[in-house]
Every structure is written in structure tokens, then in C-alpha cells.
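# Inside the fold
Listed below, chain by chain, are the residues.
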Amino acid sequence: MITSKLLAYVAVSVLCVFRVSSRDTFIAAVYEHAVILPNATLIPVSHEVALTLMNQNLDLLEAAVTSAANQGADIIVTPEDGIYGWNFNRETIYPYLEDIPDPEVNWIPCINPRRFGYTPVQERLSCLAKDNSIYLVANIGDKKPCNASDSQCPPDGHYQYNTDVVFDSQGKLVARYHKHNLFMNENQFNVPKKPEVVTFDTVFGRFGIFTCFDILFYDPAVTLVKDFHVDTIVFPTAWMNVLPHLSAIQFHSAWAMGMGVNFLASNIHHPSNRMTGSGIYAPDSPQEFHYDMKTKKGKLLLSKLDSYPHRPVVNWTSYASSIKGFSTGNQEFKGTAFFDEFTFLELTRVTGNYTVCQKKLCCHLSYKMSEKRTDEVYALGAFDGLHIVEGTYYLQICTLLKCKTADLNSCGGAVETASTWFEMFSLSGTFGTQYVFPEVLLSENQLAPGEFQVSSDGRLFSVKPPSGPLLTVTLFGRVYEKDQTLNASSDLRAQTLEIMLLVIIPIVCSLSW
């Protein structure tokens, strides 16, 4: 495990050694788990009661691990909160936590379970990996004692961390990652003092790991790819889908393409909280994905991946900056998508070329519909600004989207179905960042594998008519360096707080209900 940017040079050296005896492909598995939740309580349960619940979830995970191994999987990823669920505060989660040592101790819990105290969950996970000869990624809670000599030590005398663990095919603990970017209501956990950059090496590539909300920030997510040259990301998550741009399968597959890595995303399955959407994504296309709001069943996905995927170089502003904006004479209008105010243009014709700008971002679209329906409205939108709800991060977004109704005031609202078919599209933008994630989402939250590409000059375009009506075609840009340099006005923050008191924020990682 590597946990410091200062050791980034080691990544290149070790990478060369591992590739000498490496495999070109591997079989990945992810499991979308229908978690058994604890009863909500303000009084901590006993450790025995906590362990009973965790073993019920581990029974389900064991069946998935065994099935994956029997089908030849080399690694399996399970979701965030998959062992104990949510409904916790700081005190009530404590009986579910174990002390998880640094992997440098060279420990196989299945063989020596009491070496670091009573750790029955780690023992069972280790034995699952060992008995099935498979790498196993799981999410549990870590506790670390501290005292008054540590000025940041919590009043109860210990730190609590949302933690991912990885056991290799011999059952050895090979990675431990403490989630850095906690979601707004994860007050049962502490934020690590600094971001941890965690990798582990296998004969089928170098892997990096982070959790849920981490994906929206530079550290550790981008650092793992840019500085540590990982080939594959393992991603436990408890993700609530947020349309039009942050549905799980939509954004996670886009991140894989934008960063040029394999991405193994394992989500909780809990449709009543809009939690579904897991996948195995390669940089060029999704390989397997699952989105199911109708049943309450878990789902195991498997797919073969290249161990060392090709990472194409894209200049995301090259094409858009080289052309003049298209003039249509249409009137621009404002609309809100996930609390951000976009500038929109309505697509009024069956085919056309449109440009819409906001601040320094100009978005160019060429498209052709099969027909222009009178009951559906599509718009081209641009957003260039600081998002401040449930987190603070700077976005540049170009998007073609279906409006919720034929009323232009509905553009930007969440919509899941469409009837308009497109024959082609090409979208580009004058982005001020090289971190852009290309999304294509079809009606009923379906992806479009193999139906679009990204050119080296930054165009997201269809290579064939999409196989279903379009919900969104989006270039989702992150300008990380502006996250901390800009501050929203006090009036805007006051308005945001008022909104948050009136609605349920429709995105969650480890939501406590």
C-alpha cells in the first residue's frame, strides 16, 4: 500500500517490475447488494447484536463471492455500507467498528485472527478471499484510539473512519483506505488528517481505491491516476441517483472514459432511496452495468477487462475553440439543474447547429433528430460556476437534455423517460480544464455502449444512431483548482440553506436515515 504523494516515483518503478510477469486480461466482478439495515436507535446496541446483523449481510456477500469465484473472477468489489447499512450517529455505529491495522504488518486474519484483538469481520472477509482464491474489496468501519497528546483527538478518545479494505487471494490484508471526502451527513465518521492515496499491485495490473463522494474531488481520485498510474479503480459506493447528470451508471462510466482507466463500481441496492447502479467500465465503453428500480434483489456482474488499458490523450477545448459559434436567433433562457443555474437554448428544429455560452464556457452542438415531436422539448445548456449544495466544487458543463415537460421552465429537472430518437449528435465546449467526463444516457436510465466516441480534439459524437431515445448527452467538466479560490456570496448560501431545509438533497453517500 502507498499512502503519500511523495512516494509517487515508486509507482513507476514497481509498475515496471510487475509488468514483467503480468497478465494481459483479468475477470472483474462487482456485486450490487440489497443490504439488510439495522433498526434505527439512539442507544448503541451490544457488539453481539451488531455482529449478528453484520453476519446476515456477510452471508449474502459470501454467496456473491463464491459465485464470482466459481465463474473465474480474479477480484470482486462490494459496496460502501454493505456490511452494516446506515441509520447511525457517532455513538450507535461504534459497536460495528473494528481496529484495522496498516497492511504493512503482513497479516492474514483467517490464519491469525486474534493478532490485533477481536476482529471477526476481518477474519471472515479474509477467509472468504482465501477460500475462494479471489481479491475481495469491502467497506467497514475502522476505530483508532487517541489521547490528549493529539490536539485533534475527539472527546470520546478515538477516531472513526469510513474504511475500504482489500484482501488478496491468500486472504492477506493488502490495502486499507480511509474515506476523505465525507458526505454532508456522515457525522459518525472522522475525516483523515490528510488524503490517503492507496494502491495495491497484482499480476493483472495496478489498482487504486476510493469511496463514493471522493469521485468528485481531486484527492485522492485524480492523484491515483495522474501520479500513481493505476490501471483500475475499485469503488465501493452508496450512491443515490441524481438526474440529469449524476446518475450512478452515467457518471461512473463517464469518469472511467474521462480518466482512461477501468472502473469497478459496486453500489447499494435500495430502490426506495433511489440507490441502484453498478458497473464494470472500461475506458472505451461500459462492459457490464445494472440499473434496477423495480426489484429488491442484489445483482452480480462479471466481465473480462484489459489489465493495462490504453489511455488516450484528449484536448477538450481544441475543436470548440477553433470554430465560430453557431447563430440561430433563438432566445436564451435560464433553468436549474441540481441547484445550478444553466443558460439554455431550445432545439426548435429537427436538425441544427447551436451554440450557447455562460461566462468563459461556450458549448457547440450539431444534431439530427428522427422527428421533431410536439410533446417533447430538448435544450442545449451551459453552466460555468461553483456548485455549493452538499459540497463545494467548480463545474463547467455542456449538456443536451430532454426537458421534463414541454414547458421551458422545466428544463434541467429530473426526467427518466423520453420518446425522441436522434440520428446523430456532436457536442464540444471551450473548457478551461482537461478533466472532462463524457456522458450519454438513454431513456429509462440506460447506457449506450459502443454508440459514441470522444475525438482527440474534444468532440463527443455518435458513431451510430443511438439505440434508444436520448435523455442527456453531456460533457461534465471539473475545474478542481477553483474549488477553494472562489466563495459563494452570503445571499446565495442563505438561499441554498433555505432550499435544503425544504427538500431532501437527492444525492447521498452513506445516507443516515
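Definitions and cut-offs
- Residue indices follow the written sequence of each chain, beginning from 1 at its first position.
- Reporting in this predicted model follows two pLDDT cut-offs: at least 70 for local features of residues, and 80 or more for side-chain atom pairs to be given and counted; totals over whole chains, interfaces and linings ignore these cut-offs and use all residues.
- The side-chain numbers reported here are obtained from all heavy atoms of the structure, hydrogens and water having been left aside.
- Numbered from the N terminus, helices here are DSSP runs of H or I no shorter than four residues, and strands are runs of E no shorter than two.
- Each radius of gyration is computed over the set of C-alpha atoms, and the globule rule expresses the reference value as 2.2 Å times the number of residues to the power 0.38.
- Under the scheme applied here, a residue whose accessible area is under 20% of the maximum for its type counts as buried, over 50% as exposed, and between as partly exposed, the area being computed with a 1.4 Å probe on protein chains only.
- A contact between two residues is defined here by any heavy atoms of the two lying within 4.5 Å.
- The charge count treats Lys and Arg as positive and Asp and Glu as negative. His and the chain ends do not count.
- Just so you know, the charge point we use is NZ for Lys, CZ for Arg, CG for Asp and CD for Glu.
- Any carboxyl oxygen of Asp or Glu within 4 Å of a side-chain nitrogen of Lys or Arg constitutes a salt bridge here.
- Here a strand pair is declared whenever DSSP counts at least two bridges between the two strands.
- Axis lines are fitted through C-alpha atoms, for helices just across the contact stretch, and the angle between N-to-C directions can take any value from 0 to 180 degrees.
- Here the term cavity refers to a set of points on a 1 Å grid, laid over the protein atoms alone, in which a 1.4 Å probe fits but cannot get out; the term pocket refers to an open set having protein on both sides within 12 Å along at least five of seven lines, with lining residues being those that place an atom within 4 Å of a point.
- Grid points are joined across faces, edges and corners, and a volume is the space filled by probe spheres set on the points.
- We call Asp, Glu, Lys and Arg charged. Ala, Val, Leu, Ile, Met, Phe, Trp, Tyr, Cys and Pro are nonpolar, and the rest, Gly among them, are polar.
- In protein, a polar contact means a hydrogen-donor-capable atom and an acceptor-capable atom, both N or O and within 3.5 Å, with residues adjacent in sequence counting only if both atoms are side-chain atoms; elsewhere, any N or O pair within 3.5 Å suffices.
- UniProt positions are given in the numbering used here, feature names are shortened, and annotations may be inferred rather than shown by experiment.
- Here the word oblique covers every angle except those under 35 degrees (roughly parallel), over 145 (roughly antiparallel) and from 65 to 115 (roughly perpendicular).
- Put simply, a crossing is left-handed when the front helix is turned counterclockwise from the back one by less than a right angle, and right-handed when it is turned clockwise.

## Points about the overall build of the protein
Within the protein, the secondary structure is distributed over 7 helices and 23 strands. For 513 residues, the compact-globule estimate of 2.2 N^0.38 gives 24 Å, and the protein sits close to it at 23 Å. Across its three principal axes, the protein shows a C-alpha extent of roughly 75 × 55 × 45 Å. Within the protein, buried positions represent 60% of all 513 residues. At a minimum sequence separation of 6, the contacts of the protein that also span at least 24 residues come to 73%. Averaging the coordinates of the 39 positive side-chain charges in the protein and doing the same for the 51 negative ones gives two points 3 Å apart.

## Overview of the pattern of salt bridges
For the structure on display, the rule yields 16 salt bridges. Between Asp99 and Lys144 there is a salt bridge; the shortest N-O distance is 2.6 Å. Of this pair, Asp99 sits in the loop between strand S2 (75-77) and helix H3 (120-132) while Lys144 sits in strand S3 (residues 135-145); the two residues are 45 residues apart in sequence, bridging distant segments of the chain. Connected through salt bridges with shared partners, the residues Asp59, Glu62 and Arg124 form a single ionic network.

## Some thoughts on the pairing of strand S17 (residues 378-387)
Taken across its 10 residues, S17 has 10 buried, putting it largely inside the fold. Here strand S14 (residues 340-346) runs beside S17; their pairing, made up of 4 bridges, is antiparallel. The residue of S17 that forms the bridge with Phe344 is Gly381. As paired strands, S17 and strand S18 (residues 393-402) are joined by 10 bridges and run antiparallel to one another. Its bridge partner lying in S18, Ala379 is registered against Leu401. Once S17 ends, the chain turns through 5 residues before running back antiparallel as S18, passing Glu390 with a positive phi of about 60°.

## Looking at the sheet that holds strand S22 (residues 460-462)
Each strand in a sheet pairs with its neighbour through backbone hydrogen bonds, running either in the same direction (parallel) or in the opposite one (antiparallel). The strand order S15-S16-S19-S22-S21 describes an open sheet built from 5 strands, whose pairing is antiparallel. Among the strands making up the open sheet, the edge pair consists of strand S15 (351-358) and strand S21 (452-454). Averaged over all pairs of adjacent strands, the angle between their axes in this sheet comes to 15°, without regard to strand direction.

## Some remarks on the layout of surface pockets
Any empty space left between atoms is shown by rolling a water-sized probe over those atoms. Its volume calculated, the largest pocket comes out at about 710 Å³. Lining the largest pocket are 31 residues, with Met257, Gly260, Pro283, Arg311 and Pro312 positioned closest to its centre. For the lining of the largest pocket, the secondary structure elements donating two or more residues are helix H4 (218-226), helix H5 (248-259), strand S12 (299-306) and S21. Among the residues making up the lining of the largest pocket, the classes are represented as 15 nonpolar, 11 polar and 5 charged.

## Some details on the side chain of Asn241
Inspection of the secondary structure puts Asn241 in the loop between strand S8 (232-237) and H5. From its side chain, Asn241 meets the backbone nitrogen of Ala248 in a polar contact 2.6 Å long.

## Looking at the side chain of Thr420
Relative to the assigned elements, Thr420 resides in the loop between S18 and strand S19 (422-429). A polar atom in the side chain of Thr420 sits 2.5 Å from the side chain of Glu376. Apart from the residues lying within four places of it in its own chain, the contact partners of Thr420 are Met369, Glu371, Arg373, Glu376, Tyr378, Pro469 and Leu470.

## Examining unusual backbone geometry
Asp219 connects to Pro220 through a cis peptide bond whose omega is 0°. Take Pro220: it is sitting in helix H4. Residue Pro244 is reached from Leu243 by a cis peptide bond, and omega for that bond is 15°. For Asn106, which is not a glycine, the phi torsion comes out positive at approximately 60°. Even without being a glycine, Cys212 presents a positive backbone phi close to 45°.

## Notes on the sheet that holds S8
Overall, mixed pairing links the 6 strands, which are arranged S6-S7-S8-S9-S10-S11 in an open sheet. Among the strands making up the open sheet, the edge pair consists of strand S6 (199-202) and strand S11 (286-290). Direction aside, the axes of adjacent strands within the sheet are offset by 15° on average.

## Comments concerning the UniProt feature "domain: CN hydrolase" (unreviewed entry) in the protein
Taking the numbering used here, the UniProt-annotated feature "domain: CN hydrolase" (unreviewed entry) corresponds to residues 31-321. The span residues 31-321 is 21% helix and 24% strand, and its two end C-alpha atoms sit 42 Å from each other.

## Digging into the packing of helix H2 (residues 47-70) against H3
Interaxial distance between H2 and H3 falls to 10 Å at its minimum, and their mutual angle equals 10°. By the angle between their directions, the pair H2 and H3 is classed as roughly parallel. For the element pair H2 and H3, the recorded crossing hand is right-handed. Touching His47, Leu51, Met54, Asn55, Leu58, Asp59, Glu62, Val65, Thr66 and Ala69 of H2 are Pro120, Val121, Arg124, Leu125, Leu128 and Asn132, all from H3. Its residues assigned to classes, the contact of H2 with H3 shows 9 nonpolar, 4 polar and 3 charged.

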